[in-house]
Amino acid sequence: MSEALGVRDLAAQIGRRPVLRHVALSVRRGELVGLLGRNGAGKTTLLRVVSGTLPAARGSVRLLDRPLEEYGRRELARAVAVVPQQTSFPFAFRVAEVVLMGRSPHLGWLGFEGPEDLARARSALARLGIEALAGRSILELSGGERQLVVVARALAQDPRLLLLDEPTAFLDLRHRLEVLQVVRSLVDAGRAALVVSHDLGLAARFCDRLVLLADGEVLAAGAPAEVLTPERLRRAFGIDAAVVPGPEGAPLVVPLAVPSA
C-alpha cells in the first residue's frame, strides 16, 4: 500500500513553546491509524501541522506522495478532510446546508451545487443516521448531534485522507460505534484515516496501528497489542493499568490506579 501521509522528523511549536519533537509516522492507503496520548501530548498540534493550519518548525510532511507545501488551499481541501474537536457556527445554518459545505472544494467557479453534490450530502446524512436533522438549525442541536453533522460534512467532502480529532468525544456508545464503523468502511474501500482518540478500547478494536505520543514525541508505534502495554501506559498516561484480551481479540485496557507520588 502506498503512503497517504508521511511525517518525518517533525518539530512544531506554539508561540515559543515547543510542542512536538522528532515525530515520525505514516498512514498508508487502506489504513486506519489511531493517535493516542494524554492531554497536552501534542496530538491536536500534529493534526494542525499535517492539515496545513500550523507551520512546522522542522521536518517534512507528505500527503499522497507530494510535499504538503505544494498544495493550494482548494486542492488540499479536495484531498483532506478534518474533523476538529469543536466547531463553532456563527449563523443558524440548516444541517443540510452545513453538510453541503463539504462539497465547496469540488464546486465550479459559479459555486452552485449540482445533483451529485446533493446526492453526496444526502448519502453522508444517511450513513450516520441523521437524515431527520436535515431541516433543523445547527444551533438547536446537542453537542453530540452537532458532532455527527461535522463528521457528515467531512464524508460529503469525499476526501482521500481523513484527519479526525476526537470525533467520538461527545457521542453516546451507539454513535461512537457508528462513526468508527463508517470510517473503517471508508478505509477498507481504499481511503486513509488518522484519528485522535482517548477511548483506548475502541481505538484498539478499529485501528490497524496505533501511535502513542508522550511529551511531544512518539513513545511507541505499531499494532495495538504492541503499543498498549502496562509499561507504556504508565509512561504515557501516568496510570497503572491491566491489559487483557478483548472479546474480539483486541487488547482491552483496564485502568487500576494513579500511582502515588
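Since we're looking at a predicted model, the values are computed, not measured.

About the cut-offs
- Per chain, residue numbering runs from 1 following the sequence as it is written.
- Reporting of local features is limited, given that this is a predicted model, to residues whose pLDDT is at least 70; pairs of side-chain atoms are given and counted only at 80 or more, and all residues count toward the totals for whole chains, interfaces and linings.
- The side-chain quantities take in all heavy atoms of the structure and omit both hydrogens and water.
- Two strands qualify as a pair provided DSSP detects at least 2 bridges between them.
- In this description a helix means any DSSP run of H or I spanning at least four residues, a strand means any run of E spanning at least two, and both kinds are numbered starting from the N terminus.
- Inter-axis angles, ranging from 0 to 180 degrees, are taken between N-to-C directions of lines fitted to C-alpha atoms, where helices are fitted over the stretch in contact.
- Between two residues, a contact is recorded if the distance between any of their heavy atoms is within 4.5 Å.
- Salt bridges are defined as contacts in which a side-chain nitrogen from Lys or Arg sits within 4 Å of a carboxyl oxygen from Asp or Glu.
- Two N or O atoms count as a polar contact when they lie within 3.5 Å, although within protein this holds only if one can serve as hydrogen donor and the other as acceptor, and sequence-adjacent residues are included solely when both atoms are side-chain atoms.
- Here, nonpolar core means buried Ala, Val, Leu, Ile, Met, Phe, Trp, Tyr and Cys residues that are tied together by side-chain atoms lying within 4.5 Å of each other.
- Only protein chains enter the area calculation, which uses a 1.4 Å probe; residues under 20% of their type maximum are buried, those over 50% are exposed, and those in between are partly exposed.
- Oblique is the label for any angle not covered by the other classes, which are roughly parallel (under 35 degrees), roughly antiparallel (over 145) and roughly perpendicular (65 to 115).
- For any pair of crossing helices, the crossing counts as left-handed if the nearer helix is rotated counterclockwise from the farther one by less than a right angle, and right-handed if it is rotated clockwise.
- Patch rule: a residue counts if its relative accessible area is over 30% and it has no salt bridge; like charges are joined within 9 Å, and nonpolar side chains (Val, Leu, Ile, Met, Phe, Trp, Tyr) within 5 Å.
- For the accessible areas, the method is Shrake-Rupley and the probe is 1.4 Å, while residue cover comes only from the protein chains on display.

Let us now look at the sheet that holds strand β8 (residues 192-196). Here we have 6 strands laid out as an open sheet, ordered β6-β7-β8-β3-β9-β10, and mixed in their pairing. Each edge of the sheet is formed by a strand with only one pairing partner; in this case those strands are β6 (80-83) and β10 (217-222). Taking each pair of neighbouring strands and ignoring which way they run, the sheet shows an average axis angle of 15°. The pairing of strand β9 (residues 209-214) with β10 spans 5 bridges and is classified as antiparallel. Directly across from L210, in β10, lies its bridge partner G222. This element, helix α5 (residues 143-156), spans β6 and β7 (161-165) of the sheet and lies at about 175° to β6. Across the sheet, helix α9 (residues 230-237) lies against β9 and β10, angled at about 45° from β9, the strand it touches most.

In total, this model carries 20 salt bridges according to the counting rule given. Between R205 and E248 there is a salt bridge, with its nearest N and O atoms 3.0 Å apart. Within this pair, whereas R205 is found in helix α7 (residues 200-206), its partner E248 is found in the loop between β11 (240-245) and β12 (251-257), the two being separated by 43 residues in sequence. By sharing partners, the salt bridges in this structure join E116, R120, D158 and R191 into a single network.

This part takes up the side chain of D117. Examined against the element boundaries, D117 turns out to sit in helix α4 (residues 115-127). Engagement of the side chain of D117 in a polar contact is seen with the backbone nitrogen of G114, the distance being 2.8 Å. Not counting the four nearest positions on each side in its chain, D117 is found in contact with L100, R103, L107 and F112.

Turning our attention to the sheet that holds strand β2 (residues 17-28). Reading across the sheet, the 4 strands line up as β2-β1-β4-β5 and stay open at both edges, with antiparallel pairing between neighbours. Pairing within the sheet leaves two strands with one partner each, and these edge strands are β2 and β5 (66-67). Note that strand β4 (residues 58-63) and β5 share 2 bridges and pair antiparallel. Counted as the bridge partner of L63 is R66 from β5.

What follows concerns the nonpolar core. Counting 57 residues, the largest nonpolar core has L32, V99, L128, I130, V149 and L228 as its most contacted members. Residue contacts for I130: discarding those within four places in its chain leaves L125, L148, V149 and A152. V19, V50, L64 and V80 belong to the second-largest nonpolar core, a separate cluster that totals 33 residues.

Across the 8 residues of helix α1 (residues 43-50), 6 count as buried, placing the element largely inside the fold. Buried within α1 we find K43, T45, L46, L47, V49 and V50. Directly after α1, the chain includes G52, whose backbone phi takes a positive value near 85°.

A separate point is the packing of α4 against α5. Running from amino to carboxyl end, α4 crosses α5 at an angle of 140°, the nearest separation of the two axes being 8 Å. Accordingly, the angle class assigned to the pair α4 and α5 is oblique. Handedness of the α4/α5 crossing: right-handed. Within the contact between the two elements, α4 uses R120, A121, A124 and L125 and α5 uses A152, L155 and A156.

Okay, the side chain of R184 next. Counting through the fold element by element, R184 comes out in helix α6 (residues 173-188). R184 gets classed as buried once you look at its relative accessible area, which sits at 15%. A polar atom in the side chain of R184 sits 3.1 Å from the side chain of D208. Not counting the four nearest positions on each side in its chain, R184 is found in contact with G30, L32, F206, C207 and D208.

Attention now moves to the pairing of β12. Pairing analysis gives 6 bridges linking β11 to β12, with the strands arranged antiparallel. In the sheet register, V243 faces β12, and the bridge partner there is V253. From the end of β11 to the start of β12, which pair antiparallel, there are 5 residues, and G249 there has a positive phi angle of about 95°.

A few words now on a nonpolar patch on the surface. Taken together, the side chains of V244, L252, V254 and L256 define a hydrophobic patch exposed on the protein surface, amounting to about 310 Å² of accessible area. With 3 residues, the top contributor of residues to the nonpolar patch is β12. Tracing the sequence through the fold places L252 in strand β12.

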